[in-house]
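Here's the letter readout for the chains.
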Amino acid sequence: MAKRLIPSLNRVLIEKIVPPSKTNSGILLPEKTTKLNSGKVVAVGPGARDRNGNFIPVSVKEGDVVLLPEYGGTEVKLADKEYHLFRDDDILGILHE
Amino acid sequence: MAKRLIPSLNRVLIEKIVPPSKTNSGILLPEKTTKLNSGKVVAVGPGARDRNGNFIPVSVKEGDVVLLPEYGGTEVKLADKEYHLFRDDDILGILHE
Amino acid sequence: MAKRLIPSLNRVLIEKIVPPSKTNSGILLPEKTTKLNSGKVVAVGPGARDRNGNFIPVSVKEGDVVLLPEYGGTEVKLADKEYHLFRDDDILGILHE
Amino acid sequence: MAKRLIPSLNRVLIEKIVPPSKTNSGILLPEKTTKLNSGKVVAVGPGARDRNGNFIPVSVKEGDVVLLPEYGGTEVKLADKEYHLFRDDDILGILHE
Amino acid sequence: MAKRLIPSLNRVLIEKIVPPSKTNSGILLPEKTTKLNSGKVVAVGPGARDRNGNFIPVSVKEGDVVLLPEYGGTEVKLADKEYHLFRDDDILGILHE
Amino acid sequence: MAKRLIPSLNRVLIEKIVPPSKTNSGILLPEKTTKLNSGKVVAVGPGARDRNGNFIPVSVKEGDVVLLPEYGGTEVKLADKEYHLFRDDDILGILHE
Amino acid sequence: MAKRLIPSLNRVLIEKIVPPSKTNSGILLPEKTTKLNSGKVVAVGPGARDRNGNFIPVSVKEGDVVLLPEYGGTEVKLADKEYHLFRDDDILGILHE
């Protein structure tokens, strides 16, 4: 029984990216190097409401890789997989390679 | 004497979903697996007021299955059944199967 | 010397409903069953002011039976009877039978 | 040298009503009965300012008998008589006989 | 080198009125009687800004005798004389004889 | 390598005025007399933004001698000279001789 | 795998300027002299939203050298280089030589 979540308002559902702890060639990476706190956007809400009741669209979209704050967010488990919900405002930025 | 409650403003009346603690075939589930905090929307208020006194409709509707925050909400007992009142903003999202 | 109170702004004057502690047939009810915190609206204020100074009417009316929060409200004694003043926003909902 | 005070903004000058502690026929009243915290409006300010700088008139007028919160207000002594200043919002309602 | 201060925004420069501690005929007044906390307006700022950046004029003018709150205000010494700066909102009212 | 700072938003760059601790004729002044906390405006920001994103100009200009609050402000060292940054709102007033 | 970050809303990505701790001629500078807390703007967000949902552009641009507050900002590591994210409002000013 898989569940899909449509976040409410300006909430964003994130699947955190667990960085590899060793390189492809098998060298163990020091812990500091691997610590970038990023995640993939899985689903976004319709946005917060402005003073007139209209939605302000969230600034990220499904598939974006985003930089996350070290603290905050709400842990959610859907279909045995762990996700996090963040407010759009709390996302620090979008990462591009 | 059954009572029906029309929540005020942007309040939402929720009947929490108690997850099965064992599978149909009788296997006991570990506690962690069963912990998704969800509920069914039983009734919704007319919405909060914007600056001009108009109602901003709530973002969920009767029958929706919603994801709830771990804390918060007000316990209410109506006709011997336990419900919870949540503010529309505090509902984390809508669950679809 | 009976006194009548017109609540100010969005305040609502409530007469709390004391639930019967035994049934008509005389059976004592356990304390938990009787604990629904409700009251009858006796008088309502003209409403809070919006940004332009206009009144936003309160969402309940005289005679409504309302669900009250467990805490809050101001106790008032008028003509030897006890009442409570609540802000319109703090009323949880309207009860219908 | 009697002084007259014009309250500023939405402040209201109140002369508290000290309830009689015994009836006309001389019977001492129990303390609880006499405790209604009321006062007479002596002077009102022009009102608070809205976002455009216009005054929002206060909701009580000179001569009104009002219900006061148990705490709050600023004690003021004018011409040897004690008064209290309350913000218009803090007045609980207007009492009518 | 005398200095003149033009208060900024909605600040008001006040010279506190020190009440006489004995009457003209030389009778010492009990401390309570003399305690009315009043002052004379020496200078006023252009007012606070509303949402559109316009000034909201302060509600007192030079020469007004005002009632002051017991606490608050900023002590300022100009040309060896002591003054106090208060925000327009904190002035309790204007005194007339 | 001298640096010039353009303050952001409604910040104001101030060079504090250190009052002489003795008179021209060499008499030492008691500490209290010299304590007026003033400064000279060196640079001003473009102003804070109003609700529509427009700048609200700051209320002081380069060269003004201003009265400063006893606490607050951010110390900044530019080209070996010490300055302070204050928000326009925190400046108490403009001093004229 | 180099990563580029587009900051969200009114966030600004800063590369802090580490001041030289000795002069070109090799003289060690005392610690105080070198302490100006500045940085170079590497990337800026689209700006915060106003009440109508429009972006208010940030007040600095890529390449600007800015004065930073002593505390605050979020440390971010991108491609092994250390950066800081600041809100546009928290940047104290722009430095010019």
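Here the structure is a predicted model, which means the values were calculated and not measured. (Residues numbered from 1 in each chain as written. Chains lettered and ligands numbered in written order. Predicted model: local features only at pLDDT ≥ 70, side-chain atom pairs only at ≥ 80, totals over all residues. Heavy atoms only, no water.)

Visitor: Looking at this structure, I do not really get the overall build of chain A. What am I missing?
Guide: Per the secondary structure count, chain A includes 0 helices and 9 strands. For chain A, the residues scored as buried account for 41% of the 97 residues in total. Only carbon and sulfur atoms are counted for the fraction: they give 52% of the accessible area of chain A, which is about 5,600 Å². (Helix = DSSP H or I, 4+ residues; strand = E, 2+ residues; numbered from the N terminus. Buried < 20%, exposed > 50% of the residue type's maximum accessible area, 1.4 Å probe, protein only. Areas by Shrake-Rupley, 256 points an atom, 1.4 Å probe, with all protein chains shown as cover.)

Visitor: When you look at the sheet that holds strand S3 (residues 38–44) of chain F in this model, what are you seeing that I'm missing?
Guide: Picture the strands of a sheet paired through backbone hydrogen bonds; they go either parallel or antiparallel. Here 7 strands make up an open sheet; going across it, the order is S1(E)-S9(F)-S6(F)-S3(F)-S2(F)-S8(F)-S7(F) and the pairing antiparallel. Strand pairing shows two members of the sheet lacking a second neighbour, strand S1 (4–7) of chain E together with strand S7 (74–78) of chain F, which therefore form its edges. Put simply, the sheet's adjacent strands are angled 45 degrees from each other on average, direction ignored. Alignment of S3(F) against strand S6 (residues 65–67) of chain F, held across 3 bridges, turns out to be antiparallel. Counted as the bridge partner of F:Ser38 is F:Leu67 from S6(F). (Pairing = 2+ DSSP bridges. Axes fitted to C-alpha atoms, helices over the stretch in contact; angles between N-to-C directions.)

Visitor: Can you help me understand the interface of chain D and chain C in this one?
Guide: Frequently, the measure chosen for interface size is the accessible area that the parts lose on association. Across the contact, 17 residues belong to chain D and 21 residues belong to chain C. With both sides pooled, the region where chain D packs onto chain C buries about 1,700 Å², and carbon together with sulfur makes up 56% of that total. Three residues, D:Leu92, D:His96 and D:Glu97, lead the burial of chain D against chain C; their summed loss comes to 31% of the area buried on that side. Here chain D is connected to chain C by 7 residue pairs in polar contact (both at pLDDT 80 or more). Looking at the side of chain D that touches chain C element by element, the count peaks at 4 residues for strand S9 (residues 93–96) of chain D. Residues belonging to the side of chain D that touches chain C are distributed by class as follows: 8 nonpolar, 4 polar and 5 charged. The sheet contact formed by strand S1 (residues 4–7) of chain C and S9(D) spans 4 bridges and is antiparallel. Following the sheet pairing, C:Pro7 is matched in S9(D) by D:Gly93. (Contact = heavy atoms within 4.5 Å. Buried area = accessible area lost by both parts, 1.4 Å probe. Polar contact = N/O pair within 3.5 Å; in protein donor to acceptor, adjacent residues only side chain to side chain. Nonpolar A, V, L, I, M, F, W, Y, C, P; charged D, E, K, R; others polar.)

Visitor: What exactly am I supposed to notice about the interface of chain B and chain A here?
Guide: Every contact between the two is made by 17 residues of chain B and, on the other side, 21 residues of chain A. Surface buried jointly by chain B and chain A totals about 1,700 Å² across both partners, of which 56% is contributed by carbon and sulfur atoms. If you sort the residues of chain B by the area they bury against chain A, B:Leu92, B:His96 and B:Glu97 come out on top, with a joint share of 31%. Linking chain B with chain A are 7 residue pairs in polar contact (both at pLDDT 80 or more), by the criterion used here. Per-element tally for the side of chain B that touches chain A: the top contributor is strand S9 (residues 93–96) of chain B, with 4 residues. For the side of chain B that touches chain A, the residue count by class is 8 nonpolar, 4 polar and 5 charged.

Visitor: It is not clear to me how the relation of the copies chain D and chain C should be interpreted in this structure. Could you clarify?
Guide: Superposing the two chain copies requires a rotation about an axis and a translation along that axis. It takes a turn of 52 degrees to lay chain D on chain C, together with a shift of 0.0 Å along the axis; the resulting RMSD is 0.0 Å. When the interface residues of chain D are mapped onto chain C, a mere 12% of them are again interface residues, pointing to distinct binding faces. (Least-squares fit on C-alpha atoms with pLDDT ≥ 70 in both.)

Visitor: Would you mind going over the side chain of E:Asp88 with me for this structure?
Guide: Tracing the chain through its elements places E:Asp88 in the loop between strand S8 (81–87) and strand S9 (93–96). Put simply, E:Asp88 is tucked away with no salt bridge, and the nearest opposite charge, on D:Arg49, sits 5.9 Å away. Residues contacting E:Asp88, with those up to four places away along its chain left out, are E:Asn10, E:Val12, E:Pro57, E:Val58, E:Ser59 and E:Val60. (Lys, Arg positive; Asp, Glu negative; His and termini not counted. Salt bridge = Lys/Arg side-chain N within 4 Å of Asp/Glu carboxyl O.)

Visitor: What's the story with the relation of the copies chain B and chain A in this structure? I'm lost.
Guide: Expressed as a screw operation, the relation of chain B to chain A combines 0.0 Å of axial shift with a rotation of 51 degrees, fitting to an RMSD of 0.1 Å. With a heterologous cut-off of 20% or less, the 12% of interface residues of chain B that recur at the interface of chain A puts this contact in the heterologous class.

Visitor: I would appreciate a short explanation of the sheet that holds S9(D) in the present structure.
Guide: Read across the open sheet, the 7 strands follow the order S1(C)-S9(D)-S6(D)-S3(D)-S2(D)-S8(D)-S7(D); overall the sheet is antiparallel. Strand pairing shows two members of the sheet lacking a second neighbour, S1 of chain C together with strand S7 (74–78) of chain D, which therefore form its edges. Taken pair by pair, the neighbouring strands of this sheet meet at an average axis angle of 45 degrees, ignoring direction.

Visitor: Is there a simple way to explain the pairing of strand S8 (residues 81–87) of chain B in this structure?
Guide: Residues and elements named next belong to chain B. One ladder, built from 4 bridges, connects strand S2 (residues 11–16) with S8; its direction is antiparallel. Residue pairing for S8: Arg11 is matched across the bridge by Arg87. The loop that links strand S7 (residues 74–78) with its antiparallel partner S8 comprises 2 residues; one of these, Ala79, has a positive phi angle of about 50 degrees.

Visitor: Is there a simple way to explain unusual backbone geometry in this structure?
Guide: With the exception of glycine, most residues fall at negative phi, and the peptide bonds are largely trans. A positive phi angle, close to 65 degrees, is found at B:Asp80, a residue other than glycine. Looking at the element boundaries, B:Asp80 is found in the loop between S7 and S8.

Visitor: Honestly, the pattern of salt bridges in this entry has me stumped. Any pointers?
Guide: Two side chains that carry opposite charge are able to pair once their charged atoms sit near each other. One pass over the structure, following the stated rule, counts 14 salt bridges over all chains. In this structure, the salt-bridge partner of C:Lys81 is C:Glu15, at a minimum N-O distance of 3.6 Å. Here the residue C:Lys81 occupies a position in strand S8 (residues 81–87), and C:Glu15 occupies one in strand S2 (residues 11–16), the gap between them amounting to 66 residues. Residue D:Asp64 pairs with D:Lys61 through a salt bridge whose shortest N-O separation is 3.2 Å. D:Asp64 gets classed as buried once you look at its relative accessible area, which sits at 11%.

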